[in-house]
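Letter by letter, the chains look like this.
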Amino acid sequence: MMNMLEASQALVRRLTDDDLVVAGLGNPKYALFEASDRARNFYVWNAMGMTASIGLGMAMARPDKRVVILQGDGCLLMNLGALATEAWRKPRNLVHICWDNRMYELTGQQPTATAGPADLARIAEGAGLSKVERVETLPAFEAAVDRALSEEGPWFIHALVDSRRGKLRPPKSPTFIKHRFMTDLGVEH
Amino acid sequence: MQWPNTIVHVLKKYDVRFINYVPDAMGERLLKIVRDDKDFDVLPLTREEEGVGVVCGQSLAGRRGVLLMPTSGIGNSINAIASLPIPYRIPVPMIIGFRGDLGEFNATQVMMGQALPDILRALRIPYFTLRREDEVEVLTEGFLRITYATESPAALLISTQLAGWKE
């Protein structure tokens, strides 16, 4: 089974400095930071469930930029409605990646519903997303990302990962994260 | 009955592009206008909390959106508001159809409606209530000015005194 950090590194190697990335609470943002701390990484502390919605807002506001959402299974399960909204809106520039380790790893490895029968790829399809890939190995993940970055979206990549935790932590100041992101993008409120 | 047009006029003046919403009867008065206006882009949500994230994403990427929702939507959004736009300092203008107050017919709306001002105060969110036609323009404009000046959420409540009560 692939590791979230290795897969994040493989993803970042394929992105340009122009791409916007929003990474959700817990391990997804730790792994992204360890893979590459880019100005256009928006790290979400807390706000569980909001990651996909933030990414959708970015994709709507800037259809000229690619937007990548990185979110854990627990975070997505808290806001499954976001998949329905995303599928209905259908932003062509959106790549939604869900790292599924089937647990709330940081809080003590309690199982999520995907440890049971819930299947996020099928839920995404049921929500109306048509470009859905379910991958379990690093080569399969890389192939899915290559397709997602070359063909119109929205894409949903359901990546099954192990539960190894990253060591590094991204910046903790919310306003620093925001200002760095917006300044690099050259925008203001 | 000018108030919906007045609000839309002010939103336009402040370059608001996105109307992200969960519907209610009061919000529909605005939606009727913006749906047919090419200056606006309308996004239906499954839950109000989603809209907090969507408006934040739109703002981070340099465009302005509002969250249009019923009173109950604040209840569905509290942790998202407290943990995202407030600490990250992101303007989130919220236009709320104020249910559970003057003339309410539905008892199940009343607790949330009566708690709404206290919830907004507890979160230090400035809010303004539209009650009379002649105040709509200044309150709508003032509400947008403070949300962008503070880079934080602010709320505009549409009262039944202005919009009429639901039967």
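Bear in mind the structure is a predicted one, so any value in this text is a computation, not a measurement.

Residues and elements named next belong to chain A. Alternating positions in strand β1 (residues 20-23) separate into two faces, L20 and V22 on one and V21 and A23 on the other, with burial throughout. The sheet contact formed by β1 and strand β3 (residues 67-72) spans four bridges and is parallel. In the sheet register, V21 faces β3, and the bridge partner there is V68. The pairing of β1 with strand β2 (residues 41-43) spans three bridges and is parallel. From the neighbouring strand, V22 faces β2, where its bridge partner is F42.

Right, let's talk about the sheet that holds strand β5 (residues 127-130) of chain B for a bit. All names here are of chain B. Taken together, the six strands give an open sheet; going across it, the order is β2-β1-β3-β4-β6-β5, and neighbouring strands pair in parallel fashion. Looking along the sheet, the strands with just one partner apiece sit at the ends: β2 (41-44) and β5. Each neighbouring strand pair of the sheet contributes to a mean axis angle of 20 degrees, computed without reference to strand direction. Here five bridges tie strand β1 (residues 16-21) to strand β3 (residues 64-70), and the two strands are oriented parallel to one another. Pairing of Y21 across the sheet is with L68, part of β3.

As a further point, take the pairing of strand β6 (residues 154-158) of chain B. All names here are of chain B. Judged by how many residues are buried, β6 sits mostly within the fold: five of five residues are covered. A two-sided burial pattern is seen for β6, the buried positions comprising A154, L156 and I158 on one face and A155 and L157 on the other. For strand β4 (residues 93-97) and β6, the ladder comprises five bridges, and the chain directions are parallel. In the strand pairing of β6, I95 is matched with L156. As paired strands, β5 and β6 are joined by four bridges and run parallel to one another. Within β6, the residue paired with L130 across the bridge is I158. Regarding topology, helix α8 (residues 136-150) serves as the crossover connection from β5 to the parallel β6, and that connection is right-handed.

Let's shift gears to the packing of aromatic side chains. Considering all chains together, one arrives at five aromatic pairs over all chains under this definition. Ring centres of Y30(A) and W45(A) lie 6.2 Å apart, and the angle between their planes is 55 degrees; on these two criteria the pair is classed as tilted. With Y30(A) in helix α2 (residues 27-35) and W45(A) in the loop between β2 and α3 (51-61), the pair connects residues that are 15 residues apart, well separated along the chain. Given the relative accessible area of 8%, Y30(A) is considered buried. Summarising the aromatic geometry, the rings of F33(A) and Y43(A) are spaced 6.2 Å apart at their centres and angled 70 degrees between planes, so their arrangement reads as edge-to-face. With F33(A) in helix α2 and Y43(A) in strand β2, the pair connects residues that are 10 residues apart, well separated along the chain. Of the residues examined, F33(A) reaches a relative accessible area of 19% and is grouped as buried. Among the residues examined, Y43(A) registers a relative accessible area of 0% and is labelled buried. Put simply, the rings of F42(A), F181(A) and Y88(B) touch in pairs and so form one group of aromatic residues. Between R169(A) and the ring centre of Y30(A), over which it is positioned, the NZ or CZ distance is 3.7 Å.

We now examine unusual backbone geometry. Residues and elements named next belong to chain A. Note that the residue after G153, namely P154, is joined by a cis bond; omega there is 5 degrees. On the secondary structure map, P154 appears in the loop between α7 (138-150) and β8 (155-160). We note that R102 has phi near 65 degrees; this positive angle belongs to a residue other than glycine. With respect to the element layout, R102 can be found in the loop between β4 (94-100) and β5 (103-104). Residues other than glycine seldom take positive phi values, yet Q109 does so here, at roughly 60 degrees. As for its position among the elements, Q109 is in the loop between β5 and β6 (110-111).

Rules behind the numbers
Residues numbered from 1 in each chain as written. Chains lettered and ligands numbered in written order. Predicted model: local features only at pLDDT ≥ 70, side-chain atom pairs only at ≥ 80, totals over all residues. Heavy atoms only, no water. Buried < 20%, exposed > 50% of the residue type's maximum accessible area, 1.4 Å probe, protein only. Helix = DSSP H or I, 4+ residues; strand = E, 2+ residues; numbered from the N terminus. Pairing = 2+ DSSP bridges. Axes fitted to C-alpha atoms, helices over the stretch in contact; angles between N-to-C directions. Right-handed = clockwise from strand over helix to strand, strands pointing away. Phe/Tyr/Trp six-rings, centres within 6.5 Å; stacked < 30°, edge-to-face > 60°. Lys NZ or Arg CZ within 6 Å of the ring centre and 35° of its normal.

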